[in-house]
Structures are given as structure tokens and as C-alpha cells.
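Secondary and tertiary structure notes
Take a look at the letters that make up each chain.
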Amino acid sequence: MNNRVVKSITGVLVIPAAHFLAAALWPAFVKIQIPYILLIYGILGVLTVLHLFVVRIVSQRHQQQAAMIVMALNMLKMLLSVILLFVVVVPFTGKSGAVGINFAVAYVFYLVFDSQIVILLLNGRD
């Protein structure tokens, strides 16, 4: 990986670092406990790893259709993320806006991270 990619991925890591720091220092502001934030990041992390694994296979086997397949996979990942949020996280934390906001922060982190890696895979520089 080139220096620019490493800088951009490192820059993206500011999101979870700030999220966990805010949860530790200002729990009343974040309104969700750190174990549940870890659960959200864990679920999204597993889905992202699976997504990147499938994207790597798709980018090698179906180069012409790879962009459209990746977009469909992103939509599937988003749907699974929301389903798992309601099936796994909400029963523990309860229904509140704070759960949705914390989920959105984690989802944006993985979306940006995933997008950067997918661009590298589709360009053939994995």
C-alpha cells in the first residue's frame, strides 16, 4: 500500500477512537455503554470482513460486472446491519435514539473504511 492509502485509513480510525473516547469520558452524552458500542462495532466488523472477502472474489472473477455487484453487496450489508441492530443490540440496550446514533457513527466508520479497501481491490492493487 502506498503512503496516501495508509494516511487515509489511519485518518478514518479517528472516528472509532473519538467514539470510544466520548463514551469513556462523557457517558451521559453518548448514552450507551461501551460494551454495547463494542457489540455494534463487532457486528459491523464481521459483516465488513465478509463483504471484503466476497468483493475480492468478485473483483477477480467478474471484472466487468464488479462495480454493480459491489453496490448490490453494499445494500445487502446495510440491510443485514440494520436487521442485526434490531435483533441483537436493541434487546440489550432498549429502543432509543442514542442506539441509532451510535450505530450510525460506527456504520459511517466501516462504510468509509470498506469503500477505501474496495477501491483498492477493484483497481487491482490489493
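Definitions and cut-offs
Residues numbered from 1 in each chain as written. Predicted model: local features only at pLDDT ≥ 70, side-chain atom pairs only at ≥ 80, totals over all residues. Heavy atoms only, no water. pLDDT = per-residue confidence, 0-100. Helix = DSSP H or I, 4+ residues; strand = E, 2+ residues; numbered from the N terminus. Phe/Tyr/Trp six-rings, centres within 6.5 Å; stacked < 30°, edge-to-face > 60°. Buried < 20%, exposed > 50% of the residue type's maximum accessible area, 1.4 Å probe, protein only. Patch = residues over 30% accessible without salt bridge, like charges linked within 9 Å, V, L, I, M, F, W, Y side chains within 5 Å. Areas by Shrake-Rupley, 256 points an atom, 1.4 Å probe, with all protein chains shown as cover. Salt bridge = Lys/Arg side-chain N within 4 Å of Asp/Glu carboxyl O. Core = buried A, V, L, I, M, F, W, Y, C linked by side-chain atoms within 4.5 Å. Contact = heavy atoms within 4.5 Å.

Observations regarding the confidence of the model for the chain
For the chain, the mean per-residue pLDDT works out to 86, and 94% of the residues sit at or above 70. In the model of the chain, helix 1 (residues 3-12) stands out as the element of lowest mean pLDDT, 73, in contrast to helix 2 (residues 14-25), which has the highest, 91.

Some thoughts on the packing of aromatic side chains
Tallying each qualifying case throughout the model produces seven aromatic pairs. Here the aromatic rings of Phe 109 and Phe 113 are separated by 6.1 Å at their centres, their planes lie at 25 degrees, and the arrangement is stacked. Remark: Phe 113 and Phe 109 occur in helix 6 (residues 97-122); sequence separation between them is four residues, near one turn of the helix. Judged by its relative accessible area of 7%, Phe 109 falls in the buried class. When its relative accessible area of 21% is taken as the criterion, Phe 113 is described as partly exposed. An aromatic cluster is built from Phe 20, Tyr 41, Phe 109, Tyr 110 and Phe 113, whose rings are joined through pairwise contacts.

Thoughts on a nonpolar patch on the surface
The grouping of Leu 76, Met 78, Leu 79, Leu 80, Val 82, Ile 83, Phe 86 and Val 87 at the surface amounts to a nonpolar patch, some 720 Å² of accessible area in total. Tracing the backbone shows Leu 79 in helix 5 (residues 66-93). Of the residues examined, Leu 79 reaches a relative accessible area of 51% and is grouped as exposed.

Details of the nonpolar core
Judged by nonpolar contacts, the single largest core of 20 residues is most densely connected at Ile 40 and Leu 44. Secondary structure elements with two or more residues in this core: helix 2, helix 4 (34-61), helix 5 and helix 6. For Ile 40, the contacting residues outside a window of four places in its chain are Ile 32, Val 89, Asn 102, Phe 103 and Ala 106. One finds Leu 52, Val 70, Leu 73 and Leu 121 within the second-largest nonpolar core, a separate group that totals eight residues.

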